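Topology and contacts: notes
The lines below spell out each chain.
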Amino acid sequence: MDRDEVDEVLARRVAESDRIAQSLLAMDDHPGHALLVGAEREAVAGLWAQFDAYRRLLDEVREVRARTERPSPADLAELTELLTGRAVELDSRSVPLSRRGLTGPAVIAERVALDDLVTRMREGYAHVVDLLARAVDRRTATEDDQRELVRVREQAHRLRALVAEKIAVGALPEVPDALPECRALVANLTGLLDRRTELRGRLEAYRAKATRLGHAEDAALAAVHRAAHDVLFTAPCDLPEATRAVGRYQQAVLDLAEAR
């Protein structure tokens, strides 16, 4: 490259560097930045390390360019190599012992051209932006789960007290702190109350059937109904006994229907 080309490329790279810096600063200000963990933070650090290597090379180019207003052919060759060659040295990385020869290096340094470095930074930036969005989503999901847990635990406490009053089930489990277990408890408690409601509905449906069949005044049938009704409408309700009592009444009605 001649002097004008060097100056043009340098100016373009400096402007590009400023834009990259603005993007990285915005990345650090993202609400998800503080939520990153482990390898996610390493990805951000790696991006900044690449940008530091970019800026260091530009500083070197400016230093060479500032030597003289009219650079010599040797200066232009050096500037061309810095701006277009594999002149960016990235951070050294350790070579695993299993891949290290007897006289081989313990660390290696990678050298890339500016264009290659910018491509890597674009990919790395896109990856970090995705990580930041996921981090925010994780926090939102966690907050949603916490709100849901509070709601479900309140429901579980209410149902637990109601079941303890209405259903004879012995010792009830404590309300758990984990959402899945709390939901399972709510489902179980709701099922107990629903079972009592179902039995009450079935008892009344068969009583209506008995009335339609003309057995409303049947004393024996009325006694079976009363026994089932007493179990179902006594608190706490013995659900196994209520199930058996309703079954007896149901069978008695069916027997009368078949005898007609």
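Residues numbered from 1 in each chain as written. Predicted model: local features only at pLDDT ≥ 70, side-chain atom pairs only at ≥ 80, totals over all residues. Heavy atoms only, no water.

A word on the packing of helix α4 (residues 114-166) against helix α5 (residues 179-212)
At a minimum axis separation of 9 Å, α4 and α5 run at an interaxial angle of 35°. The chirality of how α4 crosses α5 is left-handed. Mapping the contact onto sequence places Asp145, Glu148, Leu149, Val152, Arg153, Gln155, Ala156, Leu159, Arg160, Leu162, Val163 and Lys166 in α4 and Leu179, Cys182, Arg183, Leu185, Val186, Leu189, Thr190, Leu192, Leu193 and Arg196 in α5. Partitioning the contact of α4 with α5 into residue classes produces 13 nonpolar, two polar and seven charged. (Axes fitted to C-alpha atoms, helices over the stretch in contact; angles between N-to-C directions. Helix = DSSP H or I, 4+ residues; strand = E, 2+ residues; numbered from the N terminus. Left-handed = near helix turned anticlockwise from the far one by under 90°. Contact = heavy atoms within 4.5 Å. Nonpolar A, V, L, I, M, F, W, Y, C, P; charged D, E, K, R; others polar.)

Brief notes about the packing of aromatic side chains
Taken as a whole, this structure holds two aromatic pairs when the rule is applied. Plain terms: the ring middles of Trp48 and Phe51 are 6.1 Å apart, the flat faces sit at 75° to each other, and that makes the pair edge-to-face. Of this pair, Trp48 and Phe51 both sit in helix α2 (residues 39-65), three residues apart, which is roughly one turn of the helix. The exposure class assigned to Trp48 is partly exposed, which follows from its relative accessible area of 25%. Note on Phe51 and Tyr54: the rings are 6.4 Å apart at their centroids and 15° apart in plane angle, and the pair reads as stacked. Of this pair, Phe51 and Tyr54 are both found in helix α2, three residues apart, which corresponds to roughly one turn of the helix. (Phe/Tyr/Trp six-rings, centres within 6.5 Å; stacked < 30°, edge-to-face > 60°. Buried < 20%, exposed > 50% of the residue type's maximum accessible area, 1.4 Å probe, protein only.)

Some words on the nonpolar core
Within soluble globular proteins, side chains that are nonpolar tend to cluster in buried spots. Among the nonpolar cores identified, the biggest contains 33 residues, and Met27, Val88 and Leu117 are the most heavily contacted of them. Elements with a contribution of two residues or more to this core: α1 (3-29), α2, α3 (73-84) and α4. Here this core takes nine residues from α2, the largest share from any one element. If sequence neighbours within four positions are ignored, Val88 has contacts with Ala53, Leu57, Glu110, Arg111, Val112, Ala113, Leu114 and Leu117. The next biggest cluster of nonpolar side chains, apart from the first, holds 31 residues, and it includes Val163, Leu193, Ala242 and Ala252. (Core = buried A, V, L, I, M, F, W, Y, C linked by side-chain atoms within 4.5 Å.)

Some thoughts on the layout of surface pockets
Over the atoms rolls a probe the size of a water molecule, and its path tells where empty space is left. By volume, the largest pocket amounts to about 180 Å³. Along the walls of the largest pocket sit Glu16, Arg19, Ile20, Ser23, Leu24, Val118, Met121, Arg122 and Tyr125, which together make up its complete lining. If you list the elements that add at least two residues to the lining of the largest pocket, you get α1 and α4. Counting residues per element, the lining of the largest pocket draws most heavily on α1, which supplies five residues. Here the lining of the largest pocket is built from residues that sort into five nonpolar, one polar and three charged. (1 Å grid on protein atoms, 1.4 Å probe; cavity = no way out; pocket = protein on both sides within 12 Å on 5 of 7 lines; lining within 4 Å. Points joined across faces, edges and corners; volume = space filled by probe spheres on them.)

Quick notes on the pattern of salt bridges
This structure, assessed with the given rule, holds 22 salt bridges. Between Glu40 and Arg138 there is a salt bridge, with its nearest N and O atoms 3.1 Å apart. Here Glu40, found in helix α2, pairs with Arg138, found in helix α4; they are 98 residues apart in sequence, far enough to count as distant. Classification of Glu40 by relative accessible area gives buried; the value is 13%. On the basis of relative accessible area, Arg138 is assigned to the partly exposed category, the value being 36%. (Salt bridge = Lys/Arg side-chain N within 4 Å of Asp/Glu carboxyl O.)

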